[in-house]
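These are the residues of each chain, in order.
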Amino acid sequence: MSALADAPAHLVTAAFLDKLRSIVGDGNVLAQAEELLVYECDGYVVEKQTPDAVVFPTTTEQVSQIVKLCNAHHIPFVPRGAGTSLAGGCLPIGGGVMLALTRMKQILEVSVRDRYAVVQPGLVNVHLTQRLKGTGYHYAPDPSSQGACTVGGNFATNSGGPHTLKYGVTVNHVLGAEVVLPDGSVVELGGPVEDSPGYDLTGLFVGSEGTLGICTKLYVRLTRDPAAYRTMLGVFETVDDATQAISSIIGAGIVPAALELMDQGIVQALEQAFHFGFPLDAGAVLLIEVDGLEVAVDDEAERITTLCLANMAREVRRAKTAQERQLLWKCRKQAFGAIGRLSPSYCTQDGVVPRTRLPEILRFITDCGLRHNIRIVNVFHAGDGNIHPILLFDERDKEQVERVLKASDEILEKCIDLGGSVTGEHGIGVEKISFMNKLFTPEDLAVMQSIHDCFNPDGQCSPGKMLPTSAGCGNEYVPRKNPGRKASL
Ligand SMILES: Cc1cc2nc3c(=O)[nH]c(=O)nc-3n(C[C@H](O)[C@H](O)[C@H](O)COP(=O)(O)OP(=O)(O)OC[C@H]3O[C@@H](n4cnc5c(N)ncnc54)[C@H](O)[C@@H]3O)c2cc1C
């Protein structure tokens, strides 16, 4: 048994809280039950557990001191950004201390000439691009949650977004990071210049879901704004036609900057909420954007329009002004918000399939929803083959929760069967841990475990995340305090 597994959660005593306050100040520690409730889950609402304390550090030195204090008391700790994880990445398994990085949100440096920025991890993603407005550059990773999620959370989950298709995921835009390791020491990985020698530790830490340490500073790459855009809305009678069109576009060698699908359920919810003027009877719409040189974008837009029409598109609208383009994107980015009109809770799945298998997986999802009597709507980064079926339910109803979990598992299993994977961008978190044994061999997992143990030998930092427990591959099982409950289950 590790020290962590032995550690009773009551070690977070009044004296320990006083020590935390002495590091960060009285106003930066929460420990009242009603305050902690806010932190009992993230965007994955199916599993919940409150931490014993939430602490808001404002400097790297404070993060380091908190981590050392937790270690001295054998108390687990977990970093948290904005809590928009859809995989339960922020769940404080075993209780303990949650380090909320949201008060470390400064833009420390912008060097347009050298094309990098240095930022703190709690910076909201979109605030960096807003700050860069007028410079001719932007920060390319643009998760649909970019108005809320932090760059530190993006770093930890290797986030993607609508423009991932052309511009890549977060790891392609991080040059380096400062990290507080699980023992409290502070290291710099990479830096502002390209191609640091030695092991690519930045690459290793991006996507490690907080299991290798806490990111306290990032060096990110700035991307030049494209000279021109063409943004289109393809309107289709059926989801099948829309997914066939996606295969045709990619198959023709065109790489749009973005290629997003929204099905009828989402379009109707968006219309109810925001009145964008979308056709309510359409089976699906595709939001398609091409960018690049002015001379090239019209030709690409024309070819895409032809391909959509050949795949039974009812019409292909083109945004005529910057305002129209913005409206289309606003609509896509608010799709999740609109779901609040459809049901009290939702579970967003995140699978990947080869793009040519999109029609098949979408048919399977529809069938799965019918079999389990769960309403499922879809909005996803179709160009990457990255599906996001959103399962609507009421978390107060135990039986519905069970059906949602069953349907989710079946969809993810099907993604694997089709040659894909169980996450395109949201990460494994606690939600998908049981799938790791299905995706990787014991040898693969053992290598991952040895990397984990090299940085986080006691498992105090973000316990119970990403790698399976001993039943699967030798990672210590961490008992849950309270215990962690699966919503009403
Ligand atoms: C409406 C909606 C739309 C979304 N759309 C997308 C999308 O298009 N693309 C996409 O990739 N994701 C998307 N997500 C998922 C989520 O927004 C991303 O995973 C995001 O990167 C999480 O950022 P966060 O600041 O909220 O991190 P959190 O949810 O707070 O944390 C996520 C994980 O990162 C760890 N972590 C946080 N900060 C740090 C740090 N400083 N150091 C080390 N570890 C840390 C946490 O422990 C946790 O494991 C969406 C979520 C929602 C709710």
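Overview of the structure.

Reading the values: the criteria
- Residues numbered from 1 in each chain as written.
- Predicted model: local features only at pLDDT ≥ 70, side-chain atom pairs only at ≥ 80, totals over all residues.
- Heavy atoms only, no water.
- Near = heavy atom within 4 Å.
- Polar contact = N/O pair within 3.5 Å; in protein donor to acceptor, adjacent residues only side chain to side chain.
- Areas by Shrake-Rupley, 256 points an atom, 1.4 Å probe, with all protein chains shown as cover.
- Core = buried A, V, L, I, M, F, W, Y, C linked by side-chain atoms within 4.5 Å.
- Buried < 20%, exposed > 50% of the residue type's maximum accessible area, 1.4 Å probe, protein only.
- Contact = heavy atoms within 4.5 Å.
- Pairing = 2+ DSSP bridges.
- Helix = DSSP H or I, 4+ residues; strand = E, 2+ residues; numbered from the N terminus.
- Axes fitted to C-alpha atoms, helices over the stretch in contact; angles between N-to-C directions.
- Parallel < 35°, antiparallel > 145°, perpendicular 65-115°, else oblique.
- Left-handed = near helix turned anticlockwise from the far one by under 90°.
- Salt bridge = Lys/Arg side-chain N within 4 Å of Asp/Glu carboxyl O.

## So, the site of the ligand
Move 1: Looking at the ligand, there are 35 residues lining it, with Pro79, Gly81, Thr84, Ser145 and Thr150 nearest.
Move 2: Contact between the ligand and Ala82: an oxygen atom at 2.9 Å from a main-chain N or O atom of the residue.
Move 3: Measuring from an oxygen atom of the ligand, one finds a backbone N or O atom of Gly83 at 2.8 Å.
Move 4: Taken by itself the ligand offers 970 Å² of open surface, and the protein chains cover 96% of this.

## Observations regarding the nonpolar core
Move 1: Leu286, Leu358, Ile361 and Ile387 are the most contacted members of the largest nonpolar core, which totals 50 residues.
Move 2: If we skip the residues at most four places from it in the chain, Leu358 touches Thr243, Ile246, Val353, Phe380, Ala382, Gly385 and Ile387.
Move 3: Counting 25 residues, the second-largest nonpolar core is a separate cluster that includes Ala258, Val285, Trp329 and Val379.

## Concerning the sheet that holds strand β13 (residues 228-236)
Move 1: The sheet built from 7 strands is open, its strands ordered β16-β13-β15-β14-β19-β21-β17 with antiparallel pairing. Either end of the sheet is taken by a strand with one partner, and the two such strands are β16 (313-318) and β17 (345-348). Going from strand to strand, the sheet's axes swing by 20° on average, the running direction of each strand aside.
Move 2: Where β13 meets strand β15 (residues 284-292), 9 bridges bridge the pair, whose relative direction is antiparallel. Considered in β15, the bridge of Ala228 is made with Gly292.
Move 3: Its contacts with the sheet put helix α11 (residues 294-310) on β13, β15 and β16, and the angle it makes with β13 is roughly 5°.

## Digging into the packing of helix α2 (residues 14-24) against helix α4 (residues 60-72)
Move 1: Where α2 contacts α4, the two axes come as close as 9 Å, and the packing angle between them is 165°. Judged by the inter-axis angle, α2 sits roughly antiparallel to α4. For the crossing formed where α2 meets α4, the hand is right-handed. Residues Phe16, Lys19, Leu20, Ile23 and Val24 of α2 lie in contact with α4, whose contacting residues are Gln62, Gln65, Ile66, Leu69 and Cys70.

## Structural notes on the pattern of salt bridges
Move 1: This model, assessed by the stated rule, comprises 26 salt bridges.
Move 2: Where Lys48 meets Glu40, a salt bridge forms, and the shortest distance between an N and an O atom there is 3.9 Å. Neither residue differs from the other here; Lys48 and Glu40 are each classed as buried.
Move 3: Across the salt bridge formed by Glu402 and Lys398, the nearest N and O atoms sit 3.6 Å from each other. Of this pair, Glu402 and Lys398 are both found in helix α15 (residues 398-417), 4 residues apart, which corresponds to roughly one turn of the helix.
Move 4: In the salt-bridge network here, residues are joined through shared partners; they are Arg230, Glu294, Asp298, Glu302 and Arg318.

## Here we look at unusual backbone geometry
Move 1: A positive phi is found at Arg115, a non-glycine position, where the angle reads about 60°.
Move 2: Tracing the chain through its elements places Arg115 in the loop between β6 (107-111) and β7 (116-119).
Move 3: For Arg115, a relative accessible area of 39% gives the class partly exposed.
Move 4: Unlike most non-glycine residues, His275 shows phi in positive territory, near 55°.
Move 5: Tracing the chain through its elements places His275 in the loop between α10 (264-274) and β15.
Move 6: Residue classification places His275 among the exposed residues on the basis of a relative accessible area of 61%.

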